[in-house]
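Inside the fold
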Amino acid sequence: MSQYKLVRCTINGKKVEQMIDVRASLTDMLRNDFHLTSVKKGCEVGECGACNVLIDGEAFNSCIYLAAWADGKNIRTLESLTGPNGELSDIQQAFMEETAIQCGFCTPGFIMTAVEILETKKLYTRDELRKLLSGHLCRCTGYENILNAVEKTMKRRLGVPTE
Amino acid sequence: MSIVGKSEIRVDAFDKATGRTKYYEDRMPAGALYVRIKHAEIAHGFVKSVDTSEAEQIKGVVKVLTCFDVPEIDFPTAGHPWSMDPGHQDVADRRLLNRHVRYWGDDVAVVIAEDEVAAMQGVRALKVEYETLPFVLDPQKAMEDGAPQLHDNYPNNILKHTSIRNGNYAEAIKEPGLIKVEGWYNTPTVQHCHIENHGCFAYEENGRITVVSSTQIPHIIRRVVGQALGRPWADIEIVKPYIGGGFGNKQDALYEPLCAWCSTQVGGRLVRIDCSREETFVSNRVRHAIRFHIISWIRPDGSMAARKVDLYSNQGAYASHGHSIVAKAMGSFPQLYPCPNIECDAYTVYTNIPAAGAMRGYGMPQASFANDSNIEECAHAVHMDPVEYRNKYIMPQGFEDGFSKNVNYYDSHRECLEKGKELIGYDQKIKEFANDSGPIRRGIGCASFWYNTAVWPIALETSSNRMLLNLDGTVTMQCGETEIGQGADTAFAQMAAEAIGLKSYKDVRVISCQDTDVTPTGLGAYASRQTYVAGFSIRQTAEILRKKIFEYASKMTRQTVENMDIVDGNVVRKIDGKVLASLKEIAMTAQYNPQDSEHITAESTFTIKNNAYSFGCTFAEVEVDIPMCKVTVKNIVNVHDCGSLINPALAEAQVHGGMSMAIGYGMSEQLLFDQKTGKPLNNNLLDYKLSTVMDHPDLEAAFIENPEPTSAFGTKALGEPPACSGAPAIRNAIYNATGVALHTLPMNPHNLFAAFTEAGLIQDSWQEGK
Amino acid sequence: MYDMKALYEATSVQHAVELRLEHPEAQIIAGGSDVLVQMREGKRAGKELISIYGLDELRGVSIDADENIRIGSLTSFSHITRDPIIQKYINVLGEAVDMVGGPQIRNIGTIGGNTCNGVTSADSASTLHAWEAIVELTGKNGVRRLPIKDFYIKAGQVDIRVEDGELQTAILIPKASYENTFGHYIKYAMRNAMDIATLGCSVNVRLSADKKTIERARIAYGVAGPVPMRAPSAEAVANGAAISYEMIDRFGLAVLNDINPRDSWRASKAFRQHIAVEMAKRCLLESIKLAGGVIE
């Protein structure tokens, strides 16, 4: 017997209502019902970080988050960062400029964690940034340029000299 | 040159930064049926029966197919170009589903269902009855008489044995005063761990089958799907969208043949196979674990009198790339540190573990570990500084390989070693670390690498390219070579813009997606060959396109073709640079001329009969916490001569990725199997220890740019080599820090505990405490 | 899509108790980072779930009337680490749970889930044992409190009475335990993030006024046995002892009388014993330093 739930939440700034199968993960809901395909599936058990989204400002692996729990939440995916005319946010721009993107599959998850980090408006050391980004696996970049992109954007936002 | 050699932003960066890049799953139409695979839960045996009755009762289950239903066709899976010589063709040793189970995880049945949960439930409801057989996990044990046999035609499980005999080893070792440096070196089974798992979907249309797949090699997959299904190859269309990494795993036919066949079994309906991470580890491909036995006979001055190398490569259950990998590993020994009298024997051996295939480095990370560990021991044996030893005995400038005809045109090795020493502060640090004697000790180590670009002369090297002059003066380009995350499309755009004479690489629109129905034939991404081989066909096709443009421009301007060039997107008169017409004007005129209309296009294929050496080294600095059995890599520098750089920023980024993979290979990664059952133990990203961002120091990538004379744009292998020398560099750093010569990867705390205990560095104080 | 039979979402603690009584076969799900993974593996496939994730009343850290530190069972690891009460009185707990998995796991994972699944490798467990935490359970008969050492029965099993509709609602640290006490945790794992502990060691000390003597030392391990455990022999060495390197060495060796790690593919017994000694010494030394101790 199928069981459904009406979920009301805000996704990328827009209030939505969606009838969901209670068996669905938030990844399922975002990809299948809202076509937010930046939410990637790399392991489906919370080990790789590819499906990471922000829920009420905190980073969560949406694969191990029930869609039913999204009720009343404010959810943001990478799609929310691009402006109405295709303008990029500074962190997206930094990922491009710092060559922090290769295959691109881990990129959305990393950028959303970077958004959480940047929104704290704190200055972190490189080691602290490593720890804050450590919930994401990447096999292409060795993480080097990803760290550079996050560090540079953080410093630019805080008005700290970048080099 | 103005466009190549610049650190341009990737052509696909914007889409990837916004999340709108479409991977296979993002391109899938709605309504696909889910195919879930039943994997064997024994390591070796035969399927006697599959009871499907319970599974078929589950709501949503459409069809159950078993190993008794598949075509009786054995097919090969390796992503090699097809050989017209039957003696050179890949080994065909598996079926779509297998009655003879050869490893824990082998594919024995599928459940096709309308939704994911029904498919999963269906698989769990299948009752498989097996006749179990003894199994063997170790290649040397598998070679013994009486060992369990995996395939009928391969006695003692030896898939292939090849040798090298140079000089006279037996005579050479009689020279008085030689020092024997002998060791066994063990490398582990590891997996690629691209973040996007392999997956694909298939459907029939107009009597043909289309498969959209996360693959590196669409044109090769077309052939394999045709072979596996017994269909004409032209009946198959393979589409390759963007993929989330491959690293060689997707240089193999994975589940495309099974997916295509499943579609044909449900009336051509759309079906999908999505590998889980657990399946990716076990039921795709892994890197060959190779065991080496090296005996080096050196003179007191360190020079190599004779050398003997035995290599045992664990192929796992199916041939896949087979012997090619260990053959490449073996081929490096007579070359990297040349020795006049050398005997090598390489064996590729079937065992009951997952099939090993291509993986970044293709045998060289294994060979590099064994060779540069042994070389380090040689240096120690004659009390010579290890870098000095390498400088003295590594492949000299002018060296020519008899088989590949590769020539070492420059003194790249020594240039790389020199630069590496300088960047890591070698001379100062070895002095500083020499006195470390406490529980925490520091060390520095180095290792070199050797790498061929492309596969000539072992196999076909070909590349095709198509260019269309657009009405706005830009060029659309299709290549058979594939973007898999490494940045190939950007390098192609830069080379094409340069070769045609366009203003910017942005004026080249690379169609990233390959569709075998329309894309010119290429072989795909492997062997660090994309930029090298595509360069030839890009240059050649650009020449054809330029000629056509000049011919039309000549009709428009009455200038001679010989007096024209293209600069910044304009056809100019050579003698004074005067702009005769923009490409846009020419394209528009040509297209819409009522008297003489032409769509200016060019297409060509280039057969490459060359190969090129790529060289370099890694220096690593470590801190060893002996009581905790932990090593921290404090600094690591990779120096690489991959010829001229097309895009330095992208090159550096690729090297970072290779270094990261090498650190994982050296320190932590290993796929484990239960010795009692053959069951994989850690096939997930929690238990398989892929490096996180907290397990690295900052990675430093440096280059020596000696332009490769055989190459269209001066380039040679870039992508794979950085994965090779990192692990032995770390190993040698630990050796120099502690005096403990490790012989087994990974150098994780378990192996360090054993080695430090054996070396007496750890007192068994806990026993005294009892 | 999870293979789940049904999902019951509790709207209050009372409701959760009722749901448990109504569906005794159902599994409680808090953050889900263990339960959902197991469900996907097939271990809990086809089960009913009672979700308590929505119970905000079980979130947060406070000091109660008896001056216990009270941690609501649904408080996430990241919120524990950032909490000022934790940072002031039992910072080591915040540090320990800051080593669980990675940031996203620390946002979803809860201290209640970490203890209720009864696994020995839980990063919070050794510190909670070393600080003699009290587990609060709420069921149809009201609230039941028990020391954490009694809460753990065996690997994967804790003392929660399903027949009483119980669920864990808080973890308490008594004042006598945290007052003037300083501790350190070492997680030994194969990588520096996204890993489970090969061995976890948590030590805390209270020093004499002159900082030369240990008044009270407590040490607990994860993965040194089937459930988290204290090491009383080691504590006996340190309690009342003058601080010295020699004492620290004896303290470390003494743990071998207490712990009982097993051989598994994850690590050998001999290896775990070896590092247990080293970790005990390093944790004690660091705890002494944090307490302002003077080492002779």
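Residues numbered from 1 in each chain as written. Chains lettered and ligands numbered in written order. Predicted model: local features only at pLDDT ≥ 70, side-chain atom pairs only at ≥ 80, totals over all residues.

1. A word on the overall build of chain A
Of regular secondary structure, chain A possesses 5 helices and 5 strands. Relative to its length of 163 residues, chain A is compact, with a C-alpha radius of gyration of 16 Å against a globular reference of 15 Å. Seen along its three principal axes, the alpha-carbon backbone of chain A occupies a region of about 60 × 30 × 25 Å. Across the 163 residues that make up chain A, the buried fraction comes to 61%. Across chain A, the fraction of contacts at a sequence separation of at least 24, relative to all contacts at a separation of at least 6, is 59%. (Helix = DSSP H or I, 4+ residues; strand = E, 2+ residues; numbered from the N terminus. Rg over C-alpha atoms; globule rule 2.2 N^0.38 Å. Buried ≥ 20, exposed ≤ 12 C-beta atoms within 10 Å, placed from the backbone. Contact = placed C-beta atoms within 7 Å.)

2. With respect to the sheet that holds strand β23 (residues 579-582) of chain B
Residue and element names in this part refer to chain B. On the basis of which strands lie adjacent, the open sheet formed by 3 strands has the order β21-β22-β23 and antiparallel pairing. Lying at the two open borders of the sheet, with one neighbouring strand each, are β21 (564-567) and β23. Averaged over all neighbouring strand pairs, the angle between strand axes comes to 30 degrees, with direction disregarded. Of the strands in this sheet, β22 (570-573) and β23 touch helix α16 (residues 583-592), which is tilted by about 60 degrees from β23. (Pairing = 2+ DSSP bridges. Axes fitted to C-alpha atoms, helices over the stretch in contact; angles between N-to-C directions.)

3. A short note on helix α8 (residues 123-130) of chain C
Residue and element names in this part refer to chain C. Among the 8 residues in α8, 8 count as buried, and that is most of the element. Those residues of α8 that fall on the buried side of the exposure criterion are Asp123, Ser124, Ala125, Ser126, Thr127, Leu128, His129 and Ala130. Positive phi appears at Glu132, one or two residues downstream of α8, with a value of about 50 degrees.

4. Let's talk about the packing of helix α17 (residues 648-667) of chain B against helix α18 (residues 726-738) of chain B
Residues and elements named next belong to chain B. Between α17 and α18, whose axes approach to 7 Å, the crossing angle comes to 50 degrees. If you check the angle between α17 and α18, you find them oblique. Considering how the two elements wind past one another, α17 and α18 form a crossing that is right-handed. Seen from α17, the contacting residues are Met659, Ala662, Ile663, Tyr665, Gly666 and Met667; seen from α18, they are Gly726, Ala727, Ile730 and Arg731. Of the residues in the contact of α17 with α18, the class split is 7 nonpolar, 2 polar and 1 charged. (Parallel < 35°, antiparallel > 145°, perpendicular 65-115°, else oblique. Left-handed = near helix turned anticlockwise from the far one by under 90°. Nonpolar A, V, L, I, M, F, W, Y, C, P; charged D, E, K, R; others polar.)

5. Notes on the interface of chain C and chain B
Across the contact, 20 residues belong to chain C and 27 residues belong to chain B. Among the elements of the structure, α12 (245-254) and α13 (269-290) of chain C are those that each provide at least two residues to the side of chain C that touches chain B. With 6 residues, α13 of chain C is the single largest residue contributor to the side of chain C that touches chain B. For the side of chain C that touches chain B, a count of residues per class yields 13 nonpolar, 4 polar and 3 charged.

6. Points about the interface of chain A and chain B
Across the boundary between the two partners, chain A contributes 41 residues, which contact 46 residues of chain B. Going through the elements one at a time, α2 (90-97), α3 (107-119), α4 (126-132) and α5 (144-158) of chain A are the ones with two or more residues in the side of chain A that touches chain B. Per-element accounting of the side of chain A that touches chain B gives the leading share, 4 residues, to α2 of chain A. Per-class residue counts for the side of chain A that touches chain B are 19 nonpolar, 13 polar and 9 charged.

7. Comments concerning α13 of chain C
Taking 1.5 Å as the rise per residue, α13 of chain C with 22 residues should run 32 Å; its terminal C-alpha atoms sit 31 Å apart, in good agreement. Gly292 of chain C sits one or two residues past α13 of chain C and shows a positive phi near 80 degrees. (Expected span 1.5 Å × (residues − 1).)

8. Quick look at the sheet that holds strand β11 (residues 182-188) of chain C
Residues and elements named next belong to chain C. If you trace the 4 strands from one edge of the open sheet to the other, you get β11-β12-β13-β14, paired in antiparallel fashion. Both edges of this open sheet fall to β11 and β14 (229-230), since each of them pairs with a single strand only. Examined bridge by bridge, strand β13 (residues 214-222) and β14 share 2 bridges and lie antiparallel to one another. Counterpart to Tyr221 in the pairing with β14 is Met229.

9. Quick look at unusual backbone geometry
Residues and elements named next belong to chain B. Cis geometry marks the peptide bond from Trp456 to Pro457; its omega dihedral reads 5 degrees. The residue Pro457 is located in the loop between β16 (440-453) and β17 (462-469) in this model. A cis amide bond links Leu745 to the next residue, Pro746, at an omega of -5 degrees. Looking at where Pro746 falls in the secondary structure, it is placed in the loop between α18 and α19 (749-758). One non-glycine residue with positive phi stands out, namely Asn157, at about 65 degrees. Inspection of the secondary structure puts Asn157 in the loop between α4 (139-142) and β7 (158-166). Asn157 sits in the buried class, given 23 other C-beta atoms within 10 Å. The backbone phi angle of Arg558 is positive, close to 60 degrees, even though this residue is not glycine. Mapped onto the elements of the fold, Arg558 is located in the loop between α15 (530-557) and β21. The exposure class of Arg558 is exposed, given the 8 C-beta atoms found within 10 Å.

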